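What follows is the residue order along each chain.
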Amino acid sequence: MTEDSLFQNPDGNGQVPLSQAQRALELETQLPLTGWQQEVARGLEYGLEGAESIRDRRIPTFSRGELPHYAGINTFMKAPYLEDVRQVGNYDVAIVGVPHDSGTTYRPGTRFGPQGIRRISALYTPYNFELGIDLREQITLCDVGDIFTIPGNNEKSFDQISKGVAHIFDSGAFPIILGGDHSIGFPTLRGVCRHLGDKKVGIIHFDRHVDTQETDLDERMHTCPWFHATNMKNAPAKNLVQLGIGGWQVPRDGVKVCRDRATNILTVTDIVDMGIDAAVEFALERALDGTDCVYISFDIDCIDAGFVPGTGWPEPGGLLPREALALLAKIIRRAPVCGLEVVEVSPPYDVSDMTALMATRVICDAMANLVLSGQLPRKERPSYIHAQAEPELVQWT
Ligand SMILES: [Mn+2]
């Protein structure tokens, strides 16, 4: 085990090293069952007690909550659907879909990303064995549904997205955004920045592509979010960290912008050669240099195309899933994270929901590591959230 193992039990005495599995068996005993018992009671009340022949009296007639996994209404992990978004601040985490793919330049279909991710998320339990986390017991999660995007109009959709994300961010709920193509990276961050006041945010961007050109095909497409995001005073380009970049789909216009603005890039080979821990150090040093928080933008195509066929621009030679998940976990453990988006899942190109499942995994691992690092549930409103909104941060015509 390395010294910086993700899974080291902080309470361990270090005398007899336990395997991860041995520790996991012990950690489970420390988790409450309160949330589960409340869910069972609610199910029996709202869903009626089960038929007389059902021996397990926790089973209702109408499926309510987690079980069975194939039944029920598809919110993310069957979290409560929050119809009244004015109440979003009552939850620790808010899932919001951004079904927008008008920014795609090749394969479309990411407008179905939120649906695809929600559907396969029903597979998951809220408990993770090796992390010793049970999200149902440790945080409150809601799904606010989707932003009303305008097909065929990026700019109007961007305005809707910024307004929606700003609302969630200002409420104090931790925003998790289901894309959508990567053009949404600019308006999501713009929504966050509206409530940062004079505070600054570093961007940690997982991707095979740089996404830094000003325009593509004459518009602000999914190849362009970081050009515009780093024009905002709250999101300096020197704090943009780009992990996993490389291959045959990196536009030279974008490379020039990265060079001119001195963004911080690691290729897959860089990460493999230096090792995950050194890559995490690189990312944190730069993203946190003079900033107050970090925003994580996770393009699912940072992972090797063999694992994520359902995406807009698949590129072989990407990160292995366990490398990407380790990078993500170790970054979250040590950085104040203000929001997360997972983009570029395109269910029409997916195979057996594997790309959408990877997105689900990224989100669940992120939530678990926010809990393990004490960031969730929030004890108080983070000091970087500024109540007064700025209506416009950057003009573009
Ligand atoms: Mn990409």
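What you see is a predicted model; the values in this text were computed from it and never measured.

Q: Sorry, what's going on with the overall build of the chain here?
A: Helix and strand counts for the chain come out as 12 helices and 10 strands. Its C-alpha radius of gyration of 21 Å places the chain within 12% of the 21 Å reference for a compact globule of 397 residues. Seen through its C-alpha atoms, the chain measures out along the principal axes to roughly 70 × 55 × 45 Å. Taking all contacts inside the chain whose residues are at least 6 apart in sequence as the whole, residues at least 24 apart take part in 76%.

Q: Looking at this model, I keep getting lost on the sheet that holds strand S10 (residues 337-343). Mind explaining?
A: Backbone-to-backbone hydrogen bonds pair the strands of a sheet. The strands run either parallel or antiparallel. Read from one edge to the other, the open sheet built from eight strands follows the order S4-S1-S5-S10-S9-S6-S7-S8, with strand pairing classed as parallel. The open sheet is flanked by strand S4 (141-146) and strand S8 (264-267), the only strands paired with a single partner. The sheet shows a mean angle of 15 degrees between the axes of neighbouring strands, taken without regard to direction.

Q: Looking at this structure, how should I read helix H10 (residues 276-287)?
A: For the α-helix, the turn length of 3.6 residues means that residues three or four positions removed from each other point alike. Helix length check: H10 (12 residues) gives 16 Å between terminal C-alpha atoms against 16 Å at 1.5 Å per residue, within 8%. Those residues of H10 hidden inside the fold are in contact with strand S6 (201-206), strand S7 (240-245), S8, helix H9 (268-274), strand S9 (293-299) and helix H11 (321-334).

Q: Just checking my understanding: could you explain the domain arrangement of the chain for this structure?
A: Interface size, as often reported, equals the accessible area lost upon joining of the parts. Domain annotation of the chain identifies domain 1 (18-72) and domain 2 (76-372). On the side of domain 2, 10 residues touch domain 1, which itself brings 13 residues to the contact. Of all the secondary-structure elements, those providing two or more residues to the side of domain 1 that touches domain 2 are helix H1 (20-29) and helix H2 (34-47). Of the residues assigned to the side of domain 1 that touches domain 2, the class counts are five nonpolar, six polar and two charged.

Q: I would appreciate a short explanation of helix H6 (residues 185-193) in the present structure.
A: Here H6 lies mainly inside the structure; nine of its nine residues are buried. Every buried residue belonging to H6 is among Gly185, Phe186, Pro187, Thr188, Leu189, Arg190, Gly191, Val192 and Cys193, and all of these are buried. For H6, the secondary structure elements touched by its buried residues are helix H5 (154-171), strand S5 (174-179), S6, helix H7 (225-229), S9 and S10.

What counts as what
- Residues numbered from 1 in each chain as written.
- Predicted model: local features only at pLDDT ≥ 70, side-chain atom pairs only at ≥ 80, totals over all residues.
- Helix = DSSP H or I, 4+ residues; strand = E, 2+ residues; numbered from the N terminus.
- Rg over C-alpha atoms; globule rule 2.2 N^0.38 Å.
- Contact = placed C-beta atoms within 7 Å.
- Pairing = 2+ DSSP bridges.
- Axes fitted to C-alpha atoms, helices over the stretch in contact; angles between N-to-C directions.
- Expected span 1.5 Å × (residues − 1).
- Domains from an automatic or database assignment.
- Nonpolar A, V, L, I, M, F, W, Y, C, P; charged D, E, K, R; others polar.
- Buried ≥ 20, exposed ≤ 12 C-beta atoms within 10 Å, placed from the backbone.

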